[in-house]
Amino acid sequence: MAKGYLIARLNVTDAEKFAQYAKLASAASAAFGARPLVRGGRFETLEGDERTRNVILEFDSYEAARAYYFSDAYQAAKVAREGAAVAEFVLVEGTD
């Protein structure tokens, strides 16, 4: 079965509020078996709009990644993120 990847690109606008979101989102992702491949770190914007924080989470499947994003636990984290960041999230199925 192909893995699922949640890719998030964000610009944090309120660090204190974002820290609360990160705590909630991390707990939710752990409950769904996510493996963080990227959380911040050095980056270069080669094309498109720059986002200063980049995250890639790996899940056992596309369905598991989708279940995480739409879970009550992550949706509560998402509410906590409101006003703390400008974000783009993409769910991608990996290759076998």
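Residues numbered from 1 in each chain as written. Predicted model: local features only at pLDDT ≥ 70, side-chain atom pairs only at ≥ 80, totals over all residues. Heavy atoms only, no water.

Digging into the overall build of the chain
Line of reasoning, step 1. Scanning the chain for helices and strands turns up 3 helices and 4 strands.
Line of reasoning, step 2. Going residue by residue from the N terminus, the α and β elements of the chain occur as β-α-β-β-α-α-β.
Line of reasoning, step 3. Computed over the C-alpha atoms, the radius of gyration of the chain is 13 Å, within 12% of the 12 Å expected from 2.2 N^0.38 for a compact globule of 96 residues.
Line of reasoning, step 4. Seen through its C-alpha atoms, the chain measures out along the principal axes to roughly 40 × 35 × 15 Å.
Line of reasoning, step 5. Taken over 96 residues, the chain has a buried fraction of 31%. (Helix = DSSP H or I, 4+ residues; strand = E, 2+ residues; numbered from the N terminus. Rg over C-alpha atoms; globule rule 2.2 N^0.38 Å. Buried < 20%, exposed > 50% of the residue type's maximum accessible area, 1.4 Å probe, protein only.)

Remarks on the confidence of the model for the chain
Line of reasoning, step 1. Chain-level statistics for the chain give a pLDDT mean of 96 and a share of 100% at 70 or above.
Line of reasoning, step 2. The element-level mean pLDDT for the chain is lowest in strand β2 (residues 35-39), coming to 95, with helix α2 (residues 62-69) highest at 98. (pLDDT = per-residue confidence, 0-100.)

Some points on the pattern of salt bridges
Line of reasoning, step 1. Enumeration over the complete set of coordinates arrives at 4 salt bridges.
Line of reasoning, step 2. Note that Arg9 is salt-bridged to Glu88, the shortest N-O span being 2.7 Å. Taken together, the residues span a long stretch of sequence, with Arg9 in strand β1 (residues 4-12) and Glu88 in strand β4 (residues 85-93) at a distance of 79 residues.
Line of reasoning, step 3. The closest approach of N and O atoms between Glu58 and Arg35, which form a salt bridge, is 2.9 Å. Pair noted here: Glu58 is in strand β3 (residues 53-59) and Arg35 is in strand β2, with a separation of 23 residues, a long-range link.
Line of reasoning, step 4. Look at the salt bridges and you will find they share partners, linking Arg9, Arg51 and Glu88 into a network. (Salt bridge = Lys/Arg side-chain N within 4 Å of Asp/Glu carboxyl O.)

A short note on helix α3 (residues 72-81)
Line of reasoning, step 1. Listed as buried for α3 are Tyr74, Ala77, Ala80 and Arg81. Around the axis of α3, the buried residues are gathered within 110 degrees of arc, so they sit on the same side. For α3, the exposed residues set more than 90 degrees away from the buried face come down to Asp72 and Val79.
Line of reasoning, step 2. On its buried face, α3 sits against β1, α1 (15-31), α2 and β4.
Line of reasoning, step 3. Looking one or two residues past α3, Gly83 carries a phi angle of roughly 80 degrees, positive in sign. (Arc of directions from axis to C-beta. Contact = heavy atoms within 4.5 Å.)

Comments concerning the pairing of β3
Line of reasoning, step 1. The buried count for β3 comes to 5 of 7 residues, which makes it a mostly enclosed element.
Line of reasoning, step 2. Here 7 bridges tie β1 to β3, and the two strands are oriented antiparallel to one another. The residue of β3 that forms the bridge with Tyr5 is Glu58.
Line of reasoning, step 3. Where β2 and β3 come together, 4 bridges link them in antiparallel fashion. When the bridges of β3 are listed, Arg39 appears paired with Val55. (Pairing = 2+ DSSP bridges.)

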